[in-house]
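# An overview of the molecular structure
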Amino acid sequence: MMGIDRIDRKILRCLAADGRRSWRELANDIGLSLTPTMRRVKRLEDDGYIMGYHAQLNEALISGAVSAYVFVTLESQAKERLVVFEREIAQAPQVMSCFQMTGDFDYILRVVVSDLNSYQQFLTETLTSIPGVSHIESSFSLKTVLHRLVPLL
């Protein structure tokens, strides 16, 4: 964040809140004219601060309201095992995110399903069928307290 100033942060906040706003609305919101606003947004895109634009979908209506955090340990951390696991887990539509970790577990997954039966099906048909998975622990989210799409600017 070293290469951006107060106005750039304002642009990022505005676009994070509503990426569909018009150029004119954005320019008005940040207090610049249209051309400098467009130039700044282009620079923020080119520099990688803005990686794309998308619609925020209602996950609960589309996939289900049950979120599970799944801690996965592999038999080995050999590169081949990691590659196979990551390739297979990327194909599972229930997996919303996957992080390779240090510590007691090799991966943490966030899995979204419609109900516990769907979760059990995901476990038995998908996760446990991936070669090298040796241990799985699951925790279920009771409610979302905070979900930021971007860091505070």
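Thresholds, definitions, all that
Residues numbered from 1 in each chain as written. Predicted model: local features only at pLDDT ≥ 70, side-chain atom pairs only at ≥ 80, totals over all residues. Heavy atoms only, no water. Domains from an automatic or database assignment. UniProt positions renumbered as here; feature names shortened; annotations may be inferred. Helix = DSSP H or I, 4+ residues; strand = E, 2+ residues; numbered from the N terminus. Contact = heavy atoms within 4.5 Å. Axes fitted to C-alpha atoms, helices over the stretch in contact; angles between N-to-C directions. Parallel < 35°, antiparallel > 145°, perpendicular 65-115°, else oblique. Left-handed = near helix turned anticlockwise from the far one by under 90°. Nonpolar A, V, L, I, M, F, W, Y, C, P; charged D, E, K, R; others polar.

Moving on, we get to the domain arrangement of the protein chain. Domain annotation of the protein chain identifies domain 1 (6–47) and domain 2 (59–140). Taking only C-alpha atoms, the centre of domain 1 and the centre of domain 2 are 38 Å apart.

This part covers the UniProt feature "domain: HTH asnC-type" (unreviewed entry) in the protein chain. Mapped onto the present numbering, the UniProt feature "domain: HTH asnC-type" (unreviewed entry) falls at residues 4–66. Between the end C-alpha atoms of residues 4–66 the distance is 38 Å, and the span holds 59% helix and 2% strand.

By secondary structure assignment, the location of Arg40 is in helix H3 (residues 34–46). Those residues within four positions of Arg40 in sequence are excluded, and the remaining contacts are Asp5, Ile7, Asp8, Ile11 and Leu32.

The geometry of helix H1 (residues 6–17) relative to helix H2 (residues 23–30) is characterised by a closest axis approach of 10 Å and an angle of 130° between their N-to-C directions. On the basis of their axis angle, the class for H1 and H2 is oblique. Taken as a pair, H1 and H2 cross one another with a handedness that is right-handed. Side by side, H1 and H2 meet where Ile7, Lys10, Ile11, Cys14 and Leu15 of the first sit next to Leu26, Asp29 and Ile30 of the second. The residue inventory of the contact of H1 with H2, partitioned by class, reads six nonpolar, no polar and two charged.

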